[in-house]
Every structure is written in C-alpha cells, then in structure tokens.
Amino acid sequence: MDENARNSTKLDIEGVRQQSANEALRAESERKESYRKLGEPDVNRNGFDGVTTARTDNSLRMPRENGTGAKDGEEERMLNGGGLDPTNRGDGEPTEKDKLAQKEVEVKFIPSQNGDARIDMELESQQVLTGMTKEELMKYANDPFWVRLRWLLFVLFWALWAAMLLGSFYIIYDAPKCAAPVPLSWWQEGPLVELDSELYAEQLPEVERYGAKGVIYQLPADETYFIHTAAVQGKVKQMVSTFGTKNIKVVLDITPNFVTKNDAMFQEALQQPDSAAHSAFVWREPGLKPPNWLSIAEDGSAWKNTSINQYVLSQFGTDRYDLLFTEPIARDKLKGALGALLELGVRGIRLANAKHLLINRDGGNEAPMNLEEADKSLTHTDYGFWAHKETTYREGLGELFHELTEYVHKQTAGEAFLSVTEDILLPEVFAVNGTLPIDAPLYGNIEFDMREGSGPDVARKLRHDIDNAYRTINGFRSLGESEKPWLQLRYDRASLEHVPASEYTMFHFLLPGVPVFPLDVLTKGNVSRESVEMLEKFRATPSFQHGLFNVYNDANASAIAYTRLKSGNPGYFVVLNLAQTEQKPVDFSGIDGIGSELTVVLTSQNYAVPNVGVKTKVPVDAVPLSPRSALIATYVPTK
C-alpha cells in the first residue's frame, strides 16, 4: 500500500470516529426515539420492492466513506431493524433478529498501533448484573449494624469450632475403653510335664525337646512340712537350678493335710493340751467313742489313740495327723511351707487332697452314700460306702483357697500359681462371691470319656461333657489376671487305651487349658517333636489365647470337633474321629460361619487318607478322616 492510500484510510477512520462521537453526544442529550415501520415509499426509496429481496449493488453492502450516500435517518432506521415492526408479523411473535434490532447498541472504536481500528458493539440492555462495586460495598464497611453482625458471626464460628473440638476430646475420654487382652502366663502357655520322682535329671533333654514350659515334681507327702531342713531344701534347689538353665519352671505337688508324729507342732500339742498347737488338731476326749470316720489310706477307723489317752484324727495313715485349717496356727504353718518353696525358686504349687482340707471338729457319725450313687459292691467297712460330709467339701474351702492363692501371688508378683492335683468335683464349694480362687482347677469328665473307647454314643457324650465342663468353669471369675479359670487337661498312659497318643495330644492341645501329662505319654507314644512344635505354635496365636470356643458333633455323631476363633484372625478347626472302622467323610457344614473350605495344617499319626496332607484344601461338608485319627485345619470365617 502506497503513502496516499494509507493517508486516505486514516482520514476515513478519523471521519467515522468523529461522526460516532457526535452521535454519542446527541444520544445523551436527546430522548431516544422509536421508529415506525417503513412504508412502501420508504421501501422503494431504498431500492426494495415486493419481489426483489436484495440488490447486487455493492453500495448496499459496504459503508459509504465520509458517511455520504444515505439520507438523514436511514442509518438509524437500519440499525433499529430497517423500520420493520415485529408486531406486524403474521404469527404475532417477533423474531430474535427483530428483538436484537430494537436493542440499543454501544459502539466502541479501539485503535491499534498500526493505525487500524477495531469496532466493538455491545448491547447495553443485555449486560449481566455483576453486583455492587468495591466502592459501593465500602460505604457499608463501617456501618454499625454490619460491624456488629460480622463480629457476631465471627464469635459464633470460633465458639462452635471450640465446642466441637472439646466435644471430640470428651467423647474420646468418656468412651468405654476396650481392655487389651491379658497375655497368658507361662504356665498357661504349657504344656506341663510330670517328672519321674527319681530320674528327673535324666529327663531334662526330652523335656526340652518337647518344649515344656514347666515340669511337675511330686514331693514326698511326709516332707511337706520339712521343707526347712537341709535335705529337702538341697533337693528342691538342685531341681530348680537344673531346669532353670533351660528356662523351664518347676512346679511342686505337696500334701498339706497332715503332719507326722515328729513334727514340732504335734509334739507341742501332746505336751501342752491347753496350747494353740493343740487346737490345730481334731481330738476326742477320753472315754468317748469317736465317730465312725474311716481311714483313707488303710482299713479301719480314722481315729488313733495317743499317749495322753485322747483320740486324734489320722485319716491318711499311721503316724500322720490331720491339721485343722479353721485354726490360724494351722493356716500359718501351711503358708510358711508355701513361702519357703517360693523362696527356693518354685513357681507353681499343686495341693493334694484339697477337698479334705476342712473338717468338722465336732462332727458326728457319717451317713451312707445315696443309694443311687453308691457302689452296691461296697460295705460299711469300705471308705466309699459313706458320704463323708463331715470331712470333705466343707463350707469355707473357698475362703481358705482365696487366702492361700493371694499369698502365693503376692510373694511372687503374680508369677507363681496355686492349684490342685485332683478333680474338685464341686467347684461351687471352692468359690467365693463368684470367684474360683484356684488358678488351674481340674474338673470335668473329658479324660474318662476318652478312656471308654468308640461306643456309639461316646462322641455325643464327650461333646456334652466338654460343654458342661467349660460352661461350669466359665461361670466363675479368676482370682488372677486371667478373666476365667484355666483348666488342667490331664491324661496319662492309662488314658490311651482306645485313643492313641498322637490323636489324644492333638485333640487336647488346642482346648482352652493347659495340657498336663507324664513325659512317657509322648516318648512311648511316638509323638513326633515336630508335631508338638506345631501345636505350641498354634497355642501362641490370638485365636487360641483369646478366641471363642465351640464344640460340635458331625451329622452322624461319630466324630467330635471344636473351633477356636478370634475376630480378624484365621479360625482353627480340630476334629477327632473315634470310629474304629472306615467311614464316609464327615459333614460339619452346619457350623455357623465356618465357610465351605478348610486348609489342613496338621494330621495325626493314624491319618492315612490318600492325597490329603498339609496345605491340602478339603470341603467342610465332606471332611475325610481315617479311623481313630485327628486333623487340624484353618479356615476363613464367613462373618
């Protein structure tokens, strides 16, 4: 483009700009006009007729330079829709083009650096409401009403925030606490192995091999109250030292019921009839016939005549005289023996003849056993013929055990335990206000049921007795840190007549309690060390230590099984087949929440099902079992 053309363009733009400025000033000072519809003369004057819709002349499509070539007002009529009246349309509705033609248009000329200009046209009536400007808002910034409102909202916000914060702290503080499960004591982890009285040192390698947590040694009955002598102390110290090198605790069985004729307390009782020592024994005055109480250890009467011509109670054999533990001096004597053993390093004590510890000092003759319970082969000269209500299961046993157990716990900061060596039979007699103060009671018919073999109802009876044993014991609280008393699960070689050692051991090890057995049950029963290691590993899991326990029979009641489960952990399924012959796979699908599949983790020595071993998956409705075999599996609970 040459210089003349560029100057001409600049002049044209300047003319348009000047014209637009004049029109803007006129629009501000004059009232806006409404235009009528163009009549036919106007149409003809602008080059339109009834047929022709557009002219080909470029002058109608291009703006005239310098604003010439159009009559006054024609441009205005064109901007306002060419004078067409939308109300005169045939359908009576204005088109969008007609509406737009009636809007006022603001024209802006935006110059650029190269001398060109850009035209921006805006419809004033379509501008969106954008709210108040900053200047308008600032007029209210210091208005008292709005100042107070802002402060009120500010205070309310932070007050609510602080209230929610304090409320959350209170909820956390006041919410019920879920007590962490108490870990098992060393003796609860088990097993406890009974030692041979004379060869205990030689048994150490086997005890260690089978992972025993403690060993049980039976102290000779006459040595119970001679624990302070050098001979007895030396023996106990040696035992504690021998097994202590392998971190194995020592448990002693003692017989607290009587003292021998050489005991200092008994000698004092003979020499001083008015002394406190004399009151520690049960006497009958000279010339009076004693009651018909029989000796436990020998035939005949339980009363012995002494050098002072008085009868004294002697139930446990010659030269053994029963202590009366309702007397403080007798209880102190027993606690002295317990304290001496604990000082020597003993960490568990089991009391023999627990039901005999209390005696009715002034009791009369015993009555025969109830006919329904009596053994018809016995006569009045037999101990079992009589009920022995004057000398066994006397009221007050619970208070006595509570005192003794608390003493043992206090002396060792809860590390040691106190228990019994025989079935307590009547646990309610030993209870005090719902607490059973025996750390590891021996109770139930589990051992005796399994000795009966494989009769048609053995599995069903075994399930009933297991349910009954745990329902009864779990009805009491424990005196120690455990929530419930921890049963002793005892068995020996005589228990294995019908159920082999491997199967018996597998079935017992995951029951709630501590297995107690002689070492020869494992050694002579050919129970592998690897299987015992696996069982102890299972006992260390949360499902065993803190899980739920339920026992079941299969549909035919030929097998018995139980489950151990703690939420969030795999469950354990233990099954024992008591049948002597081959049978079809057993169905345990009725167990609630067990799922449809089991994963085998351990099988017993007699288990011989083809293609079933560790890690094999078996259906719960068809668990394959060999005769007299056991299986342990894990499962994922369904709920």
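Residues numbered from 1 in each chain as written. Predicted model: local features only at pLDDT ≥ 70, side-chain atom pairs only at ≥ 80, totals over all residues. Heavy atoms only, no water.

**Topic: the pairing of strand β4 (residues 214-218)**
Regular strands place their side chains on alternate faces of the sheet.
Line of reasoning, step 1. In terms of burial, β4 is largely enclosed, as 4 of its 5 residues are buried.
Line of reasoning, step 2. Note that strand β3 (residues 192-194) and β4 share 3 bridges and pair parallel. Note on β4: the bridge partner recorded for Glu 194 is Ile 216.
Line of reasoning, step 3. Following the chain from β3 across helix α8 (residues 204-209) to the adjacent parallel β4, one finds a crossover that is right-handed.
Line of reasoning, step 4. Relative to strand β5 (residues 249-254), β4 runs parallel, the two sharing 5 bridges. (Buried < 20%, exposed > 50% of the residue type's maximum accessible area, 1.4 Å probe, protein only. Helix = DSSP H or I, 4+ residues; strand = E, 2+ residues; numbered from the N terminus. Pairing = 2+ DSSP bridges. Right-handed = clockwise from strand over helix to strand, strands pointing away.)

**A word on the packing of helix α11 (residues 328-343) against helix α12 (residues 397-411)**
Line of reasoning, step 1. As a packed pair, α11 and α12 sit with axes 10 Å apart at the nearest point and diverge in direction by 30 degrees. Here α11 lies roughly parallel to α12, going by the angle between them. Here α11 and α12 pass one another in a crossing that is right-handed. On α12, the residues touching Arg 331, Leu 334, Lys 335, Leu 338, Gly 339 and Leu 342 of α11 are Leu 400, Glu 403, Leu 404, Tyr 407, Val 408 and Gln 411.
Line of reasoning, step 2. Tallied by class, the residues present in the contact of α11 with α12 amount to 7 nonpolar, 2 polar and 3 charged. (Axes fitted to C-alpha atoms, helices over the stretch in contact; angles between N-to-C directions. Parallel < 35°, antiparallel > 145°, perpendicular 65-115°, else oblique. Left-handed = near helix turned anticlockwise from the far one by under 90°. Contact = heavy atoms within 4.5 Å. Nonpolar A, V, L, I, M, F, W, Y, C, P; charged D, E, K, R; others polar.)

**Some details on the nonpolar core**
Line of reasoning, step 1. Ranked by size, the top nonpolar core spans 117 residues in total, and within it Phe 243, Phe 281, Phe 507 and Ile 632 carry the most contacts.
Line of reasoning, step 2. In terms of domain composition, this core takes at least three residues from each of domain 1 (182-257 + 323-359 + 394-540) and domain 2 (542-638).
Line of reasoning, step 3. In this structure, Tyr 552, Phe 588, Leu 625 and Leu 631 belong to the second largest nonpolar core, which totals 21 residues. (Core = buried A, V, L, I, M, F, W, Y, C linked by side-chain atoms within 4.5 Å. Domains from an automatic or database assignment.)

**As for α12**
Line of reasoning, step 1. Taking 1.5 Å of rise per residue, the 15 residues of α12 would be expected to cover 21 Å, and the 21 Å separating its terminal C-alpha atoms lies within 8% of that figure.
Line of reasoning, step 2. Of all the residues in α12, the buried ones are Leu 397, Gly 398, Leu 400, Phe 401, Leu 404, Thr 405, Val 408 and His 409. Buried residues of α12, viewed axially, fall in a sector of 155 degrees; they line one side.
Line of reasoning, step 3. The elements touched by buried residues of α12 are α11, β11 (348-351), β12 (417-420) and α13 (427-430).
Line of reasoning, step 4. Looking at the residues trailing α12, positive phi occurs at Ala 413, about 55 degrees. (Expected span 1.5 Å × (residues − 1). Arc of directions from axis to C-beta.)

**Comments concerning the environment of Val 250**
Line of reasoning, step 1. Along the polypeptide, Val 250 turns up in strand β5.
Line of reasoning, step 2. Among the residues examined, Val 250 registers a relative accessible area of 3% and is labelled buried.
Line of reasoning, step 3. With 10 residues separating them along the chain, Val 250 and Val 240 place their C-alpha atoms 6.1 Å apart.

**Concerning the UniProt feature "transmembrane region" (unreviewed entry) in the protein**
Line of reasoning, step 1. In the numbering used here, UniProt assigns the feature "transmembrane region" (unreviewed entry) to residues 151-173.
Line of reasoning, step 2. Secondary structure within residues 151-173 divides into 100% helix and 0% strand; the distance between the first and last C-alpha atoms comes to 33 Å. (UniProt positions renumbered as here; feature names shortened; annotations may be inferred.)

**Points about the sheet that holds β5**
Line of reasoning, step 1. Strand order in the open sheet formed by 7 strands is β12-β11-β5-β4-β3-β16-β15, with parallel pairing between adjacent strands. With one partner strand each, in any of the chains shown, β12 and β15 (488-490) form the two edges of the open sheet. Between one strand axis and the next, the sheet turns by 25 degrees as a mean value, whatever way the strands run.
Line of reasoning, step 2. In this sheet, strand β16 (residues 514-518) lies alongside β15 in parallel orientation, the contact comprising 3 bridges. The residue of β16 that forms the bridge with Leu 489 is Pro 515.
Line of reasoning, step 3. Packed on one face of the sheet, helix α9 (residues 230-244) meets β4 and β5 and runs near 150 degrees to β5.

**Comments concerning the layout of surface pockets**
Empty space among the atoms becomes visible once a probe the size of a water molecule is rolled across them.
Line of reasoning, step 1. The volume enclosed by the second largest pocket comes to roughly 810 Å³.
Line of reasoning, step 2. Lining the second largest pocket are 31 residues, with Glu 483, Lys 484, Gln 545, His 546 and Gly 547 sitting closest to its centre.
Line of reasoning, step 3. Those elements that provide at least two residues to the lining of the second largest pocket are α15 (458-473), α19 (542-545), β17 (548-553) and β18 (559-565).
Line of reasoning, step 4. In this structure, the lining of the second largest pocket is formed jointly by two domains, domain 1 (182-257 + 323-359 + 394-540) and domain 2 (542-638), each of which donates at least three residues. (1 Å grid on protein atoms, 1.4 Å probe; cavity = no way out; pocket = protein on both sides within 12 Å on 5 of 7 lines; lining within 4 Å. Points joined across faces, edges and corners; volume = space filled by probe spheres on them.)

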